[in-house]
Amino acid sequence: MVHPPIGRFGKVIANRMASRWRFHDYLPVVVIFVAAGLLLAWAGDQFLDLAELVHSKSPVLQKIDTRVHDWAVAKRFASATSFFDVMSTIGGPVGVAVIGGIVLIVFLVRKRFRWALYLGFTSLGGGALDWELKRYFARARPDVAQMLMRASGYSFPSGHAMGSTVVFGALAYLALRAHVRWRWKAAALALATTLVIGVALSRVYLGVHWISDVGAGVTAGLLWVTMTTVAYETFRRVYIIRKRRQELSGAAAGRRRT
């Protein structure tokens, strides 16, 4: 027979161990939230600064945009034009839609329904957000006479820069989940970063966006893909923790019955 004080002491120890176990389980989720919060704060601050300057028609920002635009026009040559034309096509609405659609079909065939849902929601939501931001700021594009390709609609933020950041960022996250070796993870991140930078620079080189447009597109895309990724990753980890606890509770109950 267990003495009551000893029994109560055992319960206290068990409860403390259980609470520590719960904290240990959720520690990765807390770390993700903190890291994501810092990234969101930085990206949000950068976007708001650019948005405020564009909305107030800052002479300083207009001067920087014009200088970078004129420099890009003056430095054009045939091979660079071909390269940036390809990058712009890859990062355009059709390009990211084809890439994302192919990956989405692969996920559905392989029954990766959660990955498909994450990719679809992130991509479509990013497109809707870009459209709304363009409509709100209604900023004019650079002079049509200096464009190397036809472009219509508003300029801020760059849809190519934002769309490529959202789609390639989401694909990079899924590649990190799919691969075990760090060399492949690093390669996926490097490829996504290179594509985003290449697409963003192509829009300035081709004369269809100001440099502040592509900067805002990248930061807005980073904001959106970070929010959706953190939400999905948190849901995934909490689901795994709860499932593991249910399995352990069921196993413990089975041992008690035997």
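The model shown is predicted, which means the values in this text are computed figures rather than measured ones. (Residues numbered from 1 in each chain as written. Predicted model: local features only at pLDDT ≥ 70, side-chain atom pairs only at ≥ 80, totals over all residues. Heavy atoms only, no water.)

**Comments concerning the pattern of salt bridges**
Test applied: The salt bridge definition used is simple: a Lys or Arg side-chain nitrogen within 4 Å of an Asp or Glu carboxyl oxygen. Each helix is a run of H or I in the DSSP string that is no shorter than four residues. Each strand is a run of E no shorter than two, and both are numbered from the N terminus. For every residue, the accessible area (1.4 Å probe, protein chains only) is compared with the maximum for its type, and the residue is labelled buried under 20%, exposed over 50%, or partly exposed between those bounds.
For the structure on display, the rule yields four salt bridges. Of the charged contacts in the structure, one is a salt bridge between R135 and E132, with a shortest N-O distance of 2.4 Å. Here R135 and its partner E132 are both found in helix α5 (residues 113–137), three residues apart, which amounts to about one turn of the helix. Look at E132 and you get partly exposed, because its relative accessible area is 33%.

**Some details on unusual backbone geometry**
Cis geometry is adopted by the peptide bond preceding P157, which originates at F156 and carries an omega value of -10°. Among the structural elements, P157 can be located in the loop between α5 and α6 (159–178). If you check the backbone angles, K111 has positive phi at about 60° while not being a glycine. Here the phi dihedral of A138 falls at roughly 50°; this positive angle occurs in a residue that is not glycine. With respect to the secondary-structure elements, A138 resides in the loop between α5 and α6. A relative accessible area of 37% places A138 in the partly exposed class.

**A few points about the packing of helix α4 (residues 93–109) against α5**
So the rule is basically this: Note on geometry: axes are C-alpha line fits, over the in-contact stretch for helices, and angles between N-to-C directions span 0 to 180 degrees. Here the angle decides the label: under 35 degrees means roughly parallel, over 145 means roughly antiparallel, 65 to 115 means roughly perpendicular, and every other value means oblique. By definition, turning the near helix anticlockwise from the far helix through less than a right angle yields a left-handed crossing, and turning it clockwise yields a right-handed one. Note on definitions: a residue-residue contact is assigned when non-hydrogen atoms from the two residues lie within 4.5 Å. Residues are grouped as follows: nonpolar covers Ala, Val, Leu, Ile, Met, Phe, Trp, Tyr, Cys and Pro; charged covers Asp, Glu, Lys and Arg; every other residue, Gly included, is treated as polar.
The N-to-C vectors of α4 and α5 enclose an angle of 160°; their axes lie 8 Å apart at closest approach. Taken together, the axes of α4 and α5 are roughly antiparallel relative to one another. Note that α4 runs across α5; the crossing there is left-handed. Here G100, V103, L104, F107 and L108 of α4 come into contact with α5, specifically with F113, W115, A116, L119 and G120. By residue class, the composition of the contact of α4 with α5 is eight nonpolar, two polar and no charged.

**Points about the nonpolar core**
What counts here: Residue types Ala, Val, Leu, Ile, Met, Phe, Trp, Tyr and Cys, when buried and joined through side-chain atoms within 4.5 Å, form a set referred to as a nonpolar core.
If you look at the biggest cluster of nonpolar residues, it comprises 20 residues, and the most contacted ones within it are F107, Y118, L119, F168 and L174. Contributing elements (two or more residues each) for this core: α4, α5, α6, α7 (182–205) and α8 (211–257). The element contributing the most residues to this core is α6, with seven residues. In this view, Y118 contacts A170, Y173, L174, V225, T228, T229 and Y232; residues no more than four positions away in its chain are not counted. Counting residues in each nonpolar core, the second largest holds 15 residues, with A43, A51, V54 and L61 among its members.

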